[in-house]
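Chains, contacts and geometry: an overview
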Amino acid sequence: MKKLLVLLTLGLLSLNIQAADLKEGVNYDLITPTPPTGSGDEVEVIEFFMYTCPHCKNLDPAVQEWKKKLPRNVKFQHMPAMFGGAANLHAKNYFALEVMGEAERLHDAWFKAIHDQKRRLRTQADIDKFLEENGVDMNKFHATLNSFTVQTKANRAAALMRRYGVRSVPMMIVDGRYRIKNTPQVLENTDALIEKTLNDRKK
C-alpha cells in the first residue's frame, strides 16, 4: 500500500511539473488576436475532428473517458472540421444528429464504420443507409439536415476554424485563446491550460 501511495504521489508530481512547464510554441499556440480575459469560472473547450481522420479515431476513446471527469464549469464540445468535400458533408450530418440528440450515440459508430468496416460514407445516400441501420428517424433527420439551425451551426464551425487557425485535426481549443499541439500529452496539456485560464482570471 505504501509503495502504491508513493507511485501515485510521484505520478501527481510529474503531472504538476508538466503543467508548470508548458511553453508557448512548444505545447500550444496562442490564438491571435487574443480575446479579452474572461470572467467567472466557465471554460469552453472545443475538439475539432474529422471522422475520416485516423488520429481522431485513435484519440477518441481517451477523449470519451477524459470528458466524463471534467468539472461542471468546463463546457466541452465536439466540433466537426470543415475542410471541404466529404468533411463538410459529414459535418452537416453531425450537426443534424446533434440537433436531434443522436450525435453522441452515433459518434463511435461513425468512426467504426469508416475505419473498421471500411465504409466510405462519402455520399448522402451512403450516410442515409448507415443512419437508417442505426435506428435514426430518417424523415425527421432530413427535415433537420436542411434546416436553418444546421446551416447556422455549419457556418459557425467554418468561422471558428478560421478564427482559431485550425489547419489540422484533432485540435483542442481552450477558451478561444489556446490551440494545443497534438501530442500524446494533448489531454494533460488541455487540463493544464484550463487551469491556467482560471488562474489568469483571478489576477
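For the structure, check the block above.
Once that is clear, we can look at the packing of helix α5 (residues 124-133) against helix α6 (residues 138-145). One way to put it is that α5 packs onto α6 with a least axis distance of 11 Å and a crossing angle of 135°. Taken together, the axes of α5 and α6 are oblique relative to one another. Every pair of crossing elements has a handedness; the one defined by α5 and α6 is right-handed. Every residue of α6 that contacts α5 at Q124, D128, L131 and E132 is listed here: M138, F141, H142 and L145.

Here strand β4 (residues 171-174) shows a buried face lined by M171 and I173 and a second buried face lined by M172 and V174. Here strand β2 (residues 43-49) pairs with β4 via 4 bridges, running antiparallel. Bridge assignment links V45 to a residue of β4, and that residue is V174. Pairing analysis gives 3 bridges linking β4 to strand β5 (residues 178-180), with the strands arranged antiparallel.

A separate point is the packing of helix α3 (residues 86-100) against helix α7 (residues 148-164). Two elements in contact, α3 and α7, have axes whose closest approach is 9 Å; the angle formed by their N-to-C orientations is 125°. In this view, α3 runs oblique relative to α7, as classed from their interaxial angle. With respect to the hand of their crossing, α3 and α7 are arranged in right-handed fashion. In contact with K92, F95, A96, E98 and V99 of α3, α7 contributes T149, V150, Q151, K153, A154 and A157.

In the structure shown here, the tally under the stated rule is 10 aromatic pairs. The interplanar angle of 65° and the centroid separation of 5.4 Å between the aromatic rings of W110 and F130 together place this pair among those described as edge-to-face. You can see W110 sitting in helix α4 (residues 103-116) and its partner F130 sitting in helix α5, a full 20 residues away along the chain. Pair check on accessibility: W110 and F130 agree, each one buried.

With that out of the way, let us pick up unusual backbone geometry. Of the consecutive residues T32 and P33, the connecting peptide bond is found in the cis state with omega at -5°. The topology assignment puts P33 in the loop between β1 (28-30) and β2. For the bond from V169 to P170, the omega torsion is 0°, close enough to zero to count as cis. Structurally, P170 can be placed in the loop between α7 and β4. Although it is not a glycine, D175 sits at a positive phi angle of roughly 60°. For D175, the location among the structural elements is in the loop between β4 and β5.

Rules and cut-offs
Residues numbered from 1 in each chain as written. Predicted model: local features only at pLDDT ≥ 70, side-chain atom pairs only at ≥ 80, totals over all residues. Heavy atoms only, no water. Axes fitted to C-alpha atoms, helices over the stretch in contact; angles between N-to-C directions. Helix = DSSP H or I, 4+ residues; strand = E, 2+ residues; numbered from the N terminus. Parallel < 35°, antiparallel > 145°, perpendicular 65-115°, else oblique. Left-handed = near helix turned anticlockwise from the far one by under 90°. Contact = heavy atoms within 4.5 Å. Buried < 20%, exposed > 50% of the residue type's maximum accessible area, 1.4 Å probe, protein only. Pairing = 2+ DSSP bridges. Phe/Tyr/Trp six-rings, centres within 6.5 Å; stacked < 30°, edge-to-face > 60°.

So, to be careful, I would describe these as geometric facts and stop short of saying anything about function.
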